[in-house]
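# Examination of the molecular architecture
Okay, here's what each chain looks like letter by letter:
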Amino acid sequence: MRRDKVAMLLDILEVVYKEGKAKPTHIMYKANLSHKLLKSYISELESNGILEEENLNGKRYIKITNKGKIFLSQLRKMRRFMESFGL
Amino acid sequence: MVGFIFSPRWFYGIDIVFEIFIAMITFLIANYGYRYYRISRDKRYKYFSLAFMLIGFSFISKILTNFSIYYEVLKTLDFGFITITTKTIQVSDVLFSMGFFLFRVLLLSAFLLLLFVYEDVRSKKIKTLLIYYLLLTTFFSQYVFFIFHLNAALLLFMLFINAYENYIKKATKSSSIVALCFLTLTISQIVFIFSAINKLAYVIAEALQLFGFSLLLYDYATVSRDEKR
């Protein structure tokens, strides 16, 4: 079944939340997304204060913010509710 | 006047309270669906939200119409001048008919829209044809009232089949609640048909309808509660 945008955002956020911080390539594999799509979603989530970047030893990591944790919880709820309708 | 009232006198107002509660539930779900649409930008959720909004507005239309009818009837009791009241009701007949027509059109449109979302109907010709038949049958349901309830029951049964298939696929508590909701609503519409014969049927149908929509609220609450844990 085709994943909608919410499902893809959820996959990204779940990876980052579980790992604490994750490299973009790691998120890309775990969330099963193309580089282009991941880049656009991460940029959208960063601009909304849901994700933030961290540079450690010259390597780029993505972290979830407190606002992001609340958003993730809401998104899980919404997804589950919509799934109960079969959407 | 007889054609408008199916409720027993003791139930006047109680049905209005039931329907206010139903409208609130549907607006809550419509809002949720719209929030989901704003994130996903998937049109299915926009139509899902719109369908629940239409259900809410249809009940508001019924509430306002019923309220004015009950007011007229109760005024008759207060004054006891039957001739004066009868005249008032005759004047209002057109308004009552319009109110109920709006309720029926909005409710059936909402169910049809939900079915379009589930079945992923894309053909504009099929959509136009179905909308045409819906309007036609709703118009004639003013004269043969049970046509409306039959149409509603049929649409709801189709929605139940979709929800049941989803339950078979997912086997979650939430999906079973939604399937049960559509089944309860289907039964309520069938029971409504008998309200012209027995006014108690109207009470049972209203109670079933309230229970059906309350299941959606329960589903919403369950999902919210589980997520907090």
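Quick caveat: nothing in here was measured; it's all calculated off a predicted structure.

Reading the values: the criteria
Residues numbered from 1 in each chain as written. Chains lettered and ligands numbered in written order. Predicted model: local features only at pLDDT ≥ 70, side-chain atom pairs only at ≥ 80, totals over all residues. Heavy atoms only, no water. Helix = DSSP H or I, 4+ residues; strand = E, 2+ residues; numbered from the N terminus. Rg over C-alpha atoms; globule rule 2.2 N^0.38 Å. Axes fitted to C-alpha atoms, helices over the stretch in contact; angles between N-to-C directions. Parallel < 35°, antiparallel > 145°, perpendicular 65-115°, else oblique. Left-handed = near helix turned anticlockwise from the far one by under 90°. Nonpolar A, V, L, I, M, F, W, Y, C, P; charged D, E, K, R; others polar. Contact = heavy atoms within 4.5 Å. Pairing = 2+ DSSP bridges. Core = buried A, V, L, I, M, F, W, Y, C linked by side-chain atoms within 4.5 Å. Buried < 20%, exposed > 50% of the residue type's maximum accessible area, 1.4 Å probe, protein only. Phe/Tyr/Trp six-rings, centres within 6.5 Å; stacked < 30°, edge-to-face > 60°. Patch = residues over 30% accessible without salt bridge, like charges linked within 9 Å, V, L, I, M, F, W, Y side chains within 5 Å. Areas by Shrake-Rupley, 256 points an atom, 1.4 Å probe, with all protein chains shown as cover. Salt bridge = Lys/Arg side-chain N within 4 Å of Asp/Glu carboxyl O.

All right, on to the overall build of chain A then. The helix and strand tally for chain A stands at four helices and three strands. N-terminal to C-terminal, the α/β element order of chain A is α-β-α-α-β-β-α. Compactness check: chain A gives a C-alpha radius of gyration of 13 Å against a globular reference of 12 Å for 87 residues, within 12% of the reference. Its C-alpha atoms give chain A principal-axis dimensions of roughly 45 × 25 × 20 Å.

Residue and element names in this part refer to chain B. Interaxial distance between helix α5 (residues 146-170) and helix α6 (residues 173-193) falls to 8 Å at its minimum, and their mutual angle equals 165°. Overall, the two elements α5 and α6 adopt an arrangement that is roughly antiparallel. As for how α5 packs across α6, the hand of that crossing is left-handed. The class makeup of the residues in the contact of α5 with α6 is 20 nonpolar, six polar and one charged.

Turning our attention to the side chain of S7 of chain B. Structurally, S7 of chain B can be placed in the segment before α1 (14-40). Beyond its immediate stretch of four places on either side in the chain, S7 of chain B contacts Y12, D15, Y70, K199 and Y202 of chain B.

What follows covers the pairing of strand β2 (residues 51-56) of chain A. As defined by bridge partners, β2 of chain A adjoins strand β3 (residues 59-64) of chain A across six bridges and the pair is classed as antiparallel. Looking at the pairing, L56 of chain A lines up with K59 of chain A of β3 of chain A.

A word on the nonpolar core. Core analysis: the largest hydrophobic core is formed by 94 residues, its most contacted members being I27, L51 and F85 of chain A together with F182 of chain B. Beyond its immediate chain neighbours, meaning those up to four positions away, I27 of chain A contacts I12, V15, V16, A22, N32, L38, I42 and I62 of chain A.

Evaluated as defined, the whole model comprises 24 aromatic pairs over all chains. For the pair F81 of chain A and Y32 of chain B, a centre-to-centre distance of 5.3 Å together with 80° between the ring planes defines the contact as edge-to-face. In this pair, F81 of chain A is assigned in helix α4 (residues 66-84) and Y32 of chain B in helix α1, connecting two distinct chains. Both residues of the pair, F81 of chain A and Y32 of chain B, count as buried. Taken together, the aromatic side chains of F81 and F85 of chain A together with Y32, F48, F52 and Y220 of chain B make up a single cluster linked through ring pairs.

Below, the discussion takes up a nonpolar patch on the surface. All names here are of chain B. Together, L129, Y132, Y133, L136, F139, F140, Y143, V144, F146 and L150 make up a nonpolar patch on the protein surface, roughly 980 Å² of accessible area in all. Those elements giving two or more residues to the nonpolar patch turn out to be α4 (124-140) and α5. For the nonpolar patch, the leading source of residues is α4, giving six residues. Positionally, F139 belongs in helix α4.

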